[in-house]
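Overview (structure and organization)
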Amino acid sequence: MKTVKKVIALVLAFVILAAATSCSNNTPVPKENLINDNYRNYYEIFVSSFCDSNGDGIGDLKGLISKLDYLNDGNSNTTNDLGINGIWLMPIMPSPSYHKYDVTDYFNVDSKYGTLSDFETLVKECHKRGIKLIIDLVLNHTSSSHPWFINAKNAAAAGKTSNPYFSYYNFTKESGRNNYYDLGSNGYYYESSFSKYMPDLNMDCPDVRKQVEKIAKFWVDKGVDGFRLDAIRYIYEDKDKSINFLKWFNSYCKSIKSDFYLVGEDWSSGSEITDYYASGIDSLFNFPFADISGTINSSINGKTGSDFAQNLASWQQQVKSANANAIDAPFLSNHDMNRSAGVLGRDPVKEKNAASIYMLMPGNTFIYYGEELGMLGSGKDENKRLPFLWSSTKSTGITKPVSGADNIQVIAQGEEQQQKDDNSLLNFYKKLIKIKNQYPEIARGAVTAMELPDETICAYSTVYKGSKVVIIHNFSDKSKQVAQLSSSCGTANMISSLTPAGEGTEKPAVKNDTLTLPPYATAILK
Ligand code: CA
């Protein structure tokens, strides 16, 4: 069965390849076509652990602003910056918790992080550097200390169900319902999907919808370029209703700012994620490929490069059939997962290999802060959100770990040290991002998997506006050869390569129409 499938796939690959080749040319994509689209290399930041400007041990917006040049200094000739061009800030609004996923005021910045005026400066400084700034928006629930909930709670206790705030939340007198907590007065229970301190908003309430519009408008007017939408599958218990909510929210945001970007968090299966793409929001995080058991990590461990290429092509096809304008959002790990360096066995070669694999996937990649340094963290959530290590010898700007962290793992080389080490993970990430920015086909193209005889080799083409790039990864720990390169991959012209084993080791090379790929290496052809 598998062989038959492979033959069909092979024939299909050749047909598509031939079609793609016939219209391909090497004309670079005009710059003006790139500037206005929503394709970016994003970087996720937990402000509290990024950079502290005033010595209280808590990261803040001023600290972040002081480090923007590390992320992107706005000058393509310098080499000290990472080169990302999008930032996702985890929640910055006032909140009683350290993580701030329970908001008490949607129209302000938490005072520990700074002020609205600091935020305006941040927006300006990001835009100056060509960085899009998106912020976390938590609409499923508020904090139980939000004035809306306090009013609603008091109304429920007094039996005043006509109070407008009563309908902001979901109250019932029926006991034993899932995710409902006892209010402790007047026999009421309230819906709270995550914890009793995070009551769910009632999105059927017209006043809540008006508030949601007001919140979105407020931040759009502050200059943000998009939202990362938290916990979208919890907005309603019913999936179709949640999708309809997103449809409505997406139209509203785009009616104020046509290129406003929305990326949703739906931590679930691939088929549910593609269902949510029907809402029209630009992106959904690619959970099926991420984390310990995701496609990227399991393909690395199983050395199944060929399957990876097939999975990638089929995933893109599913996503695009749900929404032709969808932008996939791949990542290795985020603030809720064990850090990828630990998952990959703290093996720098494997970390670089994993970085090559996911950063070259189509779409908007999301680097979790510190991942580019190989930072570690697992177990309790607090451990996954440790201070960014600016230097291993100086403490300037380095925050305190958030309270509750019980396993503080510190890596050997901080940012300062990795800048000076040609073989560092940081310098590897910089190279990858540069390649991605140089060849727009990589993020934007339509993927076709190529079937090569060796199952450890991942090969696929990606075609954008008639221009084709071919990406070939070696998923194995052995040096491999791809013979008859021009016929099997449509080109033997290697434009770039990546060697996780580092300087002084064998590099990918093309000779006599044969590509030699050292262990875990990547070749990019055009
Ligand atoms: Ca501070």
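Predicted model, so just to flag it, every value in this text is computed and none were measured. (Residues numbered from 1 in each chain as written. Predicted model: local features only at pLDDT ≥ 70, side-chain atom pairs only at ≥ 80, totals over all residues. Heavy atoms only, no water.)

**Points about the nonpolar core**
Definition in use: Side-chain atoms within 4.5 Å are what join buried Ala, Val, Leu, Ile, Met, Phe, Trp, Tyr and Cys residues into a set we call a nonpolar core. Burial status follows relative accessibility: with a 1.4 Å probe on protein chains alone, a residue under 20% of its type maximum counts as buried, one over 50% as exposed, and anything between as partly exposed. The contact definition used throughout considers only heavy atoms, calling two residues in contact when any of these lie within 4.5 Å.
Core analysis: the largest hydrophobic core is formed by 137 residues, its most contacted members being Tyr43, Leu71, Leu89, Phe119, Phe227 and Phe249. Look past the residues within four positions of phenylalanine 249 in its chain and what remains in contact with it is Leu137, Leu139, Val212, Ala216, Phe227, Leu229 and Leu262. Of all hydrophobic cores here, the second largest spans 14 residues; its members include Met450, Leu452, Leu515 and Leu517.

**Some thoughts on the pattern of salt bridges**
Working definition: two side chains of opposite charge can pair if their charged atoms are close together. So the rule is basically this: Whenever a carboxyl oxygen of Asp or Glu lies within 4 Å of a side-chain nitrogen of Lys or Arg, that contact is scored as a salt bridge. Counting from the N terminus, the helices are the DSSP runs of H or I reaching at least four residues and the strands are the DSSP runs of E reaching at least two.
Considering all chains together, one arrives at 31 salt bridges under this definition. Between aspartate 282 and lysine 254 there is a salt bridge; the shortest N-O distance is 2.8 Å. One end of the pair, aspartate 282, is in the loop between α9 (270-277) and β9 (283-284); the other, lysine 254, is in helix α8 (residues 239-256), and 28 residues separate them in sequence. Residue classification places aspartate 282 among the buried positions, given a relative accessible area of 10%. The exposure class of lysine 254 is partly exposed, given its relative accessible area of 22%. Among the salt bridges present, the one from lysine 384 reaches aspartate 381, with a minimum N-O distance of 3.3 Å.

**Examining the environment of tyrosine 234**
Locating tyrosine 234 in the fold gives a position in the loop between β7 (226-229) and α8. The class for tyrosine 234 is partly exposed, based on a relative accessible area of 32%. For the pair tyrosine 234 and serine 193, spaced 41 residues apart in sequence, the C-alpha to C-alpha distance is 7.3 Å. With near-sequence residues (within four places) excluded, tyrosine 234 lies in contact with Asn140, Ser193, Phe194 and Asp200.

**Points about the environment of isoleucine 215**
If you trace the backbone, isoleucine 215 turns up in helix α7 (residues 206-221). Residues isoleucine 215 and serine 479, 264 residues apart in the sequence, show an inter-C-alpha distance of 54 Å.

**Remarks on the packing of aromatic side chains**
The geometry of an aromatic ring pair comes down to the distance between the two centres and the angle between the two planes. The condition that has to hold: For this analysis, a ring pair means two rings from Phe, Tyr or Trp (six-membered ring only for Trp) whose centres lie within 6.5 Å, classed as stacked if their planes differ by under 30 degrees, edge-to-face if by over 60, and tilted for the remaining angles. Whether a charge lies above a ring is judged from NZ of Lys or CZ of Arg, which has to be within 6 Å of the ring centre and within 35 degrees of the ring normal.
Within this structure, the stated rule accounts for 40 aromatic pairs. Here tyrosine 70 and tryptophan 390 contribute two aromatic rings whose centre-to-centre distance is 5.2 Å and whose plane-to-plane angle is 85 degrees, an arrangement assigned as edge-to-face. With tyrosine 70 in helix α4 (residues 68-71) and tryptophan 390 in the loop between β10 (366-368) and α14 (415-419), this pair connects stretches of sequence that are 320 residues apart. You can call tyrosine 70 buried: its relative accessible area is 7%. A relative accessible area of 3% means that tryptophan 390 is categorised as buried. Here the aromatic rings of phenylalanine 218 and tryptophan 219 are separated by 5.1 Å at their centres, their planes lie at 85 degrees, and the arrangement is edge-to-face. For tryptophan 219, a relative accessible area of 0% corresponds to the buried category. Members of the aromatic cluster, connected to one another through ring pairs, are Tyr42, Trp88, Tyr261, Trp267, Phe285, Phe287, Phe331 and Phe366. The residue whose ring lies beneath lysine 173 is tyrosine 188, and the NZ or CZ to ring-centre distance is 4.8 Å. Between arginine 209 and the ring centre of tryptophan 248, over which it is positioned, the NZ or CZ distance is 4.5 Å.

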